[in-house]
Amino acid sequence: MTLQQLKYVIEIATRGSMNEAAKRLFVSQPSLSNAIRELEQELRITIFERTNKGISLSKEGVEFLSYARQVVEQAELLEGRYLNAKPSPQHFAVSTQHYAFAVNAFVKLVQEYGQEEYELALRETKTHEIIQDVRTLRSEIGILYLNEFNEKVMRRLLKDANLEFHSLFIAKPHIFISVNNPLAKQDVVSIHQLEPYPYLSFEQGEYNSFHFSEEILSTLSHPKSIRVNDRATLFNLLIGLNGYTISTGVLSAELNGRDIIPVPLDCEETMNVGWISHKSAALSKLATVYVEALHEAASNPI
C-alpha cells in the first residue's frame, strides 16, 4: 500500500467516477483501475463497488476512505513542515436543504480557513440526494430537518445508510414573504390567512413524498402552489407574486437582502434542524470547523 494509492482512492471517491478521477490525476484510466485493484487485493477488501450505473464506495470502502484521508492529511503536514512543499488544495463538500444559515457558515469557512488553493462544494439539493451524498461520502456533512411527521421514516433511512443525525436547533415554523406582502406587518400569521397567496415549495424529484418535503406541514392542500428547484427562483417569486414558503425563520439579510422577511406561523409544530454524517468516517478538519460555523450562524442570523 502506497501513499499514491491512498490519494487515488480519495480522488475517485470525490469525483464519483474512475474516468473523471483519472483526468484529474493525469493518469490513464486503466492504470488507475489497476492501482485500485492491486490495493484491494493486497488488503483483501472491496473498496469500490462497480455496477452498470457507475462506481461507489462499499461499506468497507467508506471506513477505509476515512483512514486514508487522515493518513494523506498527516503526510501533507509533514511535507509542508520539512520539505517546504506547497500545501495541497483543501477538499470539503456539504449537501443541504435550502438554508441561508448553511451558506453563512460556508462563507465563514472559506474566509477563515481557505488556503491559496481549495476545492470545496456547497450543494443545495433534494432531501433524498442529501442522504445519498453523505452515505457515499460525496459530502461529509448533510443538513436537513426532522419533525413529528417525518422522523420515523427519516430515522430509518439514516440508519440503513449508516448515518447519524446531530441536532443544531429547534425551530418554530415561519413563513418567508416579501416586505410588501400585506401580511408582512403582522406579528403572527395563521394558516387560513395564507390561502389567497401562492405557496412555494422545493421540488423533490422522483422522491416527492411528503416525508421528503423541505417544508413543514407538507400534507396541507393549497389552492395555489408552485414548485421550484433553487432558492434564488423561490425568492424572486416571493417578491414578484407575493408568494410564501414555510421554513425555520433563520434568514440572512447580509446574503439575501432585506426584501424577504420571516413572520411566525400560528402552528404547534416544530422543526429539529440538524446535520448528518457517516458513522464510519471521522470528520476532517474543515468539516469540524464547518459544524462550529453552523452553530454560530444558526444562533446568530445577520
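Everything below is about the structure shown above.
Residues numbered from 1 in each chain as written. Predicted model: local features only at pLDDT ≥ 70, side-chain atom pairs only at ≥ 80, totals over all residues. Heavy atoms only, no water.

**Some thoughts on the layout of surface pockets**
- When its volume is computed, the second largest pocket comes out at roughly 480 Å³.
- As for the second largest pocket, its lining consists of 18 residues, of which Gly16, Ile55, Ser56, Arg135 and Thr136 are closest to the centre.
- Within the lining of the second largest pocket, the residues separate by chemical class into five nonpolar, seven polar and six charged. (1 Å grid on protein atoms, 1.4 Å probe; cavity = no way out; pocket = protein on both sides within 12 Å on 5 of 7 lines; lining within 4 Å. Points joined across faces, edges and corners; volume = space filled by probe spheres on them. Nonpolar A, V, L, I, M, F, W, Y, C, P; charged D, E, K, R; others polar.)

**Focus: the sheet that holds strand β12 (residues 271-278)**
- On the basis of which strands lie adjacent, the open sheet formed by five strands has the order β4-β3-β5-β12-β6 and mixed pairing. For this open sheet the edge positions go to β4 (118-124) and β6 (163-171), each flanked by a neighbour on one side alone. Averaged over all neighbouring strand pairs, the angle between strand axes comes to 20°, with direction disregarded.
- The pairing of β6 with β12 spans eight bridges and is classified as antiparallel. (Pairing = 2+ DSSP bridges. Helix = DSSP H or I, 4+ residues; strand = E, 2+ residues; numbered from the N terminus. Axes fitted to C-alpha atoms, helices over the stretch in contact; angles between N-to-C directions.)

**Examining the pattern of salt bridges**
- One pass over the structure, following the stated rule, counts 10 salt bridges.
- Between Glu119 and Arg24 there is a salt bridge, with its nearest N and O atoms 3.7 Å apart. Of this pair, Glu119 sits in strand β4 while Arg24 sits in helix α2 (residues 18-25), and the two are 95 residues apart along the sequence.
- In this structure, Arg50 and Glu40 form a salt bridge, with 3.2 Å as the shortest nitrogen-oxygen distance. Residue Arg50 is located in strand β1 (residues 48-51), and its partner Glu40 is located in helix α3 (residues 29-43); the two are separated by 10 residues in the primary sequence. (Salt bridge = Lys/Arg side-chain N within 4 Å of Asp/Glu carboxyl O.)

**Some details on a nonpolar patch on the surface**
- Together, Leu78, Tyr82 and Leu83 line one region of the surface with nonpolar side chains, adding up to about 380 Å² of accessible area.
- Within the secondary structure, Leu78 is located in helix α4 (residues 59-82). (Patch = residues over 30% accessible without salt bridge, like charges linked within 9 Å, V, L, I, M, F, W, Y side chains within 5 Å. Areas by Shrake-Rupley, 256 points an atom, 1.4 Å probe, with all protein chains shown as cover.)

**Things to note about the packing of helix α5 (residues 100-113) against helix α10 (residues 285-299)**
- Taken N-terminus to C-terminus, the directions of α5 and α10 make an angle of 130°; their axes are 8 Å apart at the nearest point. Accordingly, the angle class assigned to the pair α5 and α10 is oblique. Helix-helix and strand crossings are classified by hand; for α5 and α10 the assignment is right-handed. Contacts between α5 and α10 involve Phe101, Ala102, Asn104, Ala105, Phe106, Lys108, Leu109 and Tyr113 on the former and, on the latter, Lys285, Leu286, Val289, Tyr290, Ala293, Leu294, Glu296, Ala297 and Ala298. (Parallel < 35°, antiparallel > 145°, perpendicular 65-115°, else oblique. Left-handed = near helix turned anticlockwise from the far one by under 90°. Contact = heavy atoms within 4.5 Å.)

**Considering the side chain of Ser139**
- Along the chain, Ser139 falls in the loop between α6 (127-135) and β5 (141-146).
- Side chain to side chain, Ser139 and Ser95 meet in a polar contact 2.7 Å long.
- Ignoring any residue separated from it by four or fewer positions in sequence, one finds Ser139 in contact with Ala93, Val94, Ser95, Arg123, Asp133 and Val134. (Polar contact = N/O pair within 3.5 Å; in protein donor to acceptor, adjacent residues only side chain to side chain.)

**Points about the sheet that holds strand β7 (residues 174-178)**
- Reading across the sheet, the three strands line up as β10-β7-β11 and stay open at both edges, with antiparallel pairing between neighbours. The sheet terminates laterally at β10 (245-247) and β11 (260-264), the two strands that pair on one side only. Averaged over neighbouring strand pairs, the angle between their axes works out to 40° when direction is ignored.
- In terms of strand pairing, β7 meets β11 through five bridges, oriented antiparallel. Directly across from Phe176, in β11, lies its bridge partner Pro262.
- Against the sheet, helix α8 (residues 231-240) touches β7, β10 and β11, its axis set at about 65° to β7.

**A word on the packing of aromatic side chains**
- Under the defined criterion, the tally for this structure stands at five aromatic pairs.
- With centroids separated by 5.5 Å and ring planes inclined at 75°, the aromatic side chains of Phe101 and Phe169 adopt a geometry described as edge-to-face. Residue Phe101 is located in helix α5, and its partner Phe169 is located in strand β6; the two are separated by 68 residues in the primary sequence. As far as burial versus exposure is concerned, Phe101 and Phe169 are alike and both buried.
- Each ring, one from Phe106 and one from Tyr290, has its centre 6.4 Å from the other, and the planes form 75°; the classification is edge-to-face. Linking Phe106 in helix α5 with Tyr290 in helix α10, this pair joins segments that are 184 residues apart in sequence.
- Taking the relative accessible area as the measure of exposure, Phe106 reaches 13% and is therefore buried. (Phe/Tyr/Trp six-rings, centres within 6.5 Å; stacked < 30°, edge-to-face > 60°. Buried < 20%, exposed > 50% of the residue type's maximum accessible area, 1.4 Å probe, protein only.)

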